[in-house]
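# Analysis of the macromolecular model
Take a look at the letters that make up each chain.
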Amino acid sequence: MTVEAQSDSSAQPQRSICIENLSKEYVRGKPVLKNISFTVQGHSSVAIIGPSGTGKSTLIRCVNKLIPPSSGNVYISGENITHLTGRNLRMARRKIGMVFQEFNLVERLSVMENVLCGRLGYVPSWRAWLRKYPQKDIDNAFSLLDSIGLLEFSRQRADSLSGGQRQRVGIARAIMQEPHVLLADEPTSSLDPKTSVEIMELLVSLSREHNIPLLINIHDVELAKRFTVRVIGLSMGGIIYDGPPSELTNDHLKQIYGGENWLQ
Amino acid sequence: MSPSPLRKWERFTFSERLARFAVFLGFAAALSISLRSVQIIPEFLYDAPTQVADLFSRMWPMDFAYYPAGIHDAMMETLHIATLGTLLAIVMAIPIGILGANNIVHFPLLNWLSKLILVSSRSVNSLVWALLFVAVFGPGPLAGTVCIGFRSIGFVGKLFAEALEEVDPGPIEALTASGAPWFSVFLKGYWPQAAPAFWGVFLFRWDINVRESAVIGLVGAGGIGMVLDTALNLFFWNRVSVILLSIFVVVILAELFVTAIRKRII
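Cut-offs used in this document
- Residues numbered from 1 in each chain as written.
- Chains lettered and ligands numbered in written order.
- Predicted model: local features only at pLDDT ≥ 70, side-chain atom pairs only at ≥ 80, totals over all residues.
- Heavy atoms only, no water.
- Helix = DSSP H or I, 4+ residues; strand = E, 2+ residues; numbered from the N terminus.
- Rg over C-alpha atoms; globule rule 2.2 N^0.38 Å.
- Contact = heavy atoms within 4.5 Å.
- Areas by Shrake-Rupley, 256 points an atom, 1.4 Å probe, with all protein chains shown as cover.
- Lys, Arg positive; Asp, Glu negative; His and termini not counted.
- Charge placed at Lys NZ, Arg CZ, Asp CG, Glu CD.
- Buried < 20%, exposed > 50% of the residue type's maximum accessible area, 1.4 Å probe, protein only.
- Polar contact = N/O pair within 3.5 Å; in protein donor to acceptor, adjacent residues only side chain to side chain.
- Pairing = 2+ DSSP bridges.
- Buried area = accessible area lost by both parts, 1.4 Å probe.
- Salt bridge = Lys/Arg side-chain N within 4 Å of Asp/Glu carboxyl O.
- Nonpolar A, V, L, I, M, F, W, Y, C, P; charged D, E, K, R; others polar.
- Patch = residues over 30% accessible without salt bridge, like charges linked within 9 Å, V, L, I, M, F, W, Y side chains within 5 Å.

### Digging into the overall build of chain A
Counting its regular elements, chain A contains 10 helices and 10 strands. Relative to the 2.2 N^0.38 estimate, which gives 18 Å for 264 residues, the radius of gyration of chain A is 19 Å and therefore close to what a compact globule would have. Considering only C-alpha atoms, chain A reaches an extent of 55 × 45 × 35 Å along its principal axes. Intrachain contacts of chain A at a sequence separation of at least 6 include 69% that bridge at least 24 residues. As presented, chain A carries roughly 12,100 Å² of accessible surface, and 49% of it is formed by carbon and sulfur atoms. Here chain A holds 30 positive side-chain charges and 26 negative ones, and the gap between their average locations is 8 Å.

Listed below in structure tokens is the structure:
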């Protein structure tokens with residue numbers, strides 16, 4: 001099935017991410033992640049919730065090997081990317097879009113150039129150097145900027161934008177990769193409540209529109225319940241809850257975060 | 001209620017005071033020893049004001065007619081030496097600076113090698129570099145240019161490496177996560193963040209090099225220094241004064257020029 005999915009790209013194979021028995025220990029004998037397994041397909045959006053320091057960021061970075069996992073496998077649309085290195089790893093990373101808490105834009109470059117940075121995995125370095133991006137990429141970037149309402153900002157420097165606008169640019173950069181999966185690491189934690197909702201709406205709608213599985217680390221439980229179709233509760237490096245937000249009870253939350261006085 | 005006992009407070013403990021006194025004594029001893037080895041001859045000291053007055057009287061009136069005849073070309077040569085030398089330094093300092101940035105190159109041996117090159121460039125004085133290259137290339141501006149280049153690698157390379165190490169790792173992580181090749185990550189992640197510092201260093205070093213290349217001519221490495229050397233040897237003091245004045249003016253102009261540009265790029 002894997003072979004089929006890769007060879008027949010015109011038929012739009014189901015885009016998916018599958019994590020299998022993933023473990024990570026920074027220090028031997030002290031696992032941060034214990035035997036994590038789950039699969040996300042199509043345009044479902046999944047929230048990963050849990051207290052800080054429980055390994056949410058580590059989990060999401062193990063997917064694209066920014067942090068190498070200690071054991072287990074990660075499949076992107078059926079391809080096992082866990083043991084890839086060098087050029088093959090780069091090729092695999094192109095299929096994984098990532099959105100960050102601190103936006104991670106190149107502040108001194110224009111909005112347009114930041115969006116085009118999403119194509120760096122596809123475009124040879126000399127083209128990037130001379131800023132000779134293919135016309136197709138430029139067209140896509142303009143229409144993407146238009147759809148997120150930042151078209152008139154395309155020539156402005158990224159550091160002149162507000163937080164919400166910057167995060168939109170970060171999302172556009174990830175979408176430019178034409179990813180098979182979109183990862184978001186606390187995408188709303190640096191934003192005000194109203195902007196947070198707008199960013200979540202944008203992420204979910206783009207995931208639907210492009211049919212990409214969306215994996216969001218988030219500590220705001222209400223936001224998670226409101227926008228995602230599935231919640232994975234992480235505590236002490238293990239999955240405590242995996243199911244629809246409607247069935248997430250206070251008992252689960254107590255188990256995930258500990259204590260109960262904060263629950264009203 | 002019994003009165004609380006007197007509690008003593010002192011800024012330094014007894015041993016700390018002893019140590020401070022020892023340091024003070026050491027400085028005093030060093031000062032007196034070095035004064036003795038300088039061997040000040042009082043007669044020469046009393047004579048100094050007369051000598052200075054004499055020097056100035058010989059320098060006056062300035063021989064301005066000598067500027068177009070003998071100074072101008074040499075001054076242009078000095079500026080060329082400074083500019084080409086700085087460019088040469090940059091070409092060599094960029095790869096060495098990258099090697100020295102431990103967030104880009106993760107091999108401590110290469111970092112160490114880069115530091116070694118940078119330190120040896122800086123630890124040798126420009127006059128010594130000049131003597132070396134005059135011996136290699138013969139006297140003239142080529143020796144001066146190469147001398148300025150080698151002398152500047154250490155300065156430019158060290159500051160460039162530091163600018164690269166201070167780069168925000170966030171955008172680098174983002175570009176790496178998108179599957180960008182190493183050179184693209186450098187071009188779009190590291191370089192835009194380090195570029196203002198880099199151009200600032202370049203201009204600052206050019207400014208320093210204008211001053212340095214005025215001196216290296218004294219040992220035959222071309223430029224205004226050679227003219228100054230000749231004038232000094234022939235006791236043409238009214239020419240010496242014009243040369244010194246023109247060096248002064250050029251250095252001030254270079255400084256103003258660099259300050260104006262730095263304001264624009266940073």
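### Observations regarding the environment of Ser246(B)
Residues and elements named next belong to chain B. Inspection of the secondary structure assignment puts Ser246 in helix H10 (residues 237-265). Residue classification places Ser246 among the buried positions, given a relative accessible area of 10%. As for Ser246 and Ile224, which are separated by 22 residues in sequence, their C-alpha atoms are 9.6 Å apart. Setting aside its immediate chain neighbours within four residues, Ser246 contacts Tyr67, Ile71 and Met75. A polar side-chain atom of Ser246 sits 2.9 Å from the main-chain carbonyl oxygen of Ile243.

### Let's talk about the sheet that holds strand S2 (residues 30-41) of chain A
All names here are of chain A. Across the sheet, 4 strands lie side by side as S2-S1-S4-S5; this open sheet has antiparallel pairing. Of all strands in the sheet, those with a lone pairing partner are S2 and strand S5 (79-80), marking the two edges. Relative to S2, strand S1 (residues 16-27) runs antiparallel, the two being bridged by 8 bridges. Across the sheet, the residue bridging to Lys24 is Leu33, located in S2.

### Re the pairing of strand S7 (residues 181-185) of chain A
Residue and element names in this part refer to chain A. Across the 5 residues of S7, 5 count as buried, placing the element largely inside the fold. By the alternation rule, side chains of S7 split into Val181, Leu183 and Asp185 and Leu182 and Ala184, which are all buried. Pairing analysis gives 4 bridges linking strand S6 (residues 96-99) to S7, with the strands arranged parallel. What sits directly across from Gly97, in S7, is Leu182. Looking at chain direction, S7 and strand S8 (residues 214-217) are connected through 4 bridges and run parallel. Pairing of Leu183 across the sheet is with Leu215, part of S8.

### Focus: the environment of Ser162(A)
Residue and element names in this part refer to chain A. Along the polypeptide, Ser162 turns up in the loop between helix H6 (135-147) and helix H7 (163-176). In this structure Ser162 comes out as partly exposed when scored by relative accessible area, which is 40%. In sequence terms Ser162 and Leu191 are 29 residues apart; their C-alpha atoms lie 9.6 Å from each other.

### Focus: the interface of chain B and chain A
Of the residues lining the interface, 18 residues belong to chain B; the matching set on chain A comes to 25 residues. Buried surface at the junction of chain B and chain A, summed over both partners, amounts to about 1,900 Å²; 63% is from carbon and sulfur atoms. Broken down residue by residue, the surface that chain B buries against chain A is led by Glu173(B), Ala177(B) and Lys188(B), which jointly contribute 31%. Joining chain B to chain A, the criterion identifies 2 salt bridges. Here chain B is connected to chain A by 8 residue pairs in polar contact (both at pLDDT 80 or more). At the level of elements, helix H7 (169-177) and helix H8 (182-215) of chain B are the ones that each hand at least two residues to the side of chain B that touches chain A. The element contributing the most residues to the side of chain B that touches chain A is H7(B), with 7 residues. Of the residues that constitute the side of chain B that touches chain A, the class distribution is 11 nonpolar, 5 polar and 2 charged.

### Let's talk about a nonpolar patch on the surface
Residues and elements named next belong to chain B. Together, Phe64, Leu245, Phe248, Val249, Ile252, Leu253 and Leu256 make up a nonpolar patch on the protein surface, roughly 670 Å² of accessible area in all. Structurally, Leu256 can be placed in helix H10. Using a relative accessible area of 54% as the deciding quantity, one classes Leu256 as exposed.

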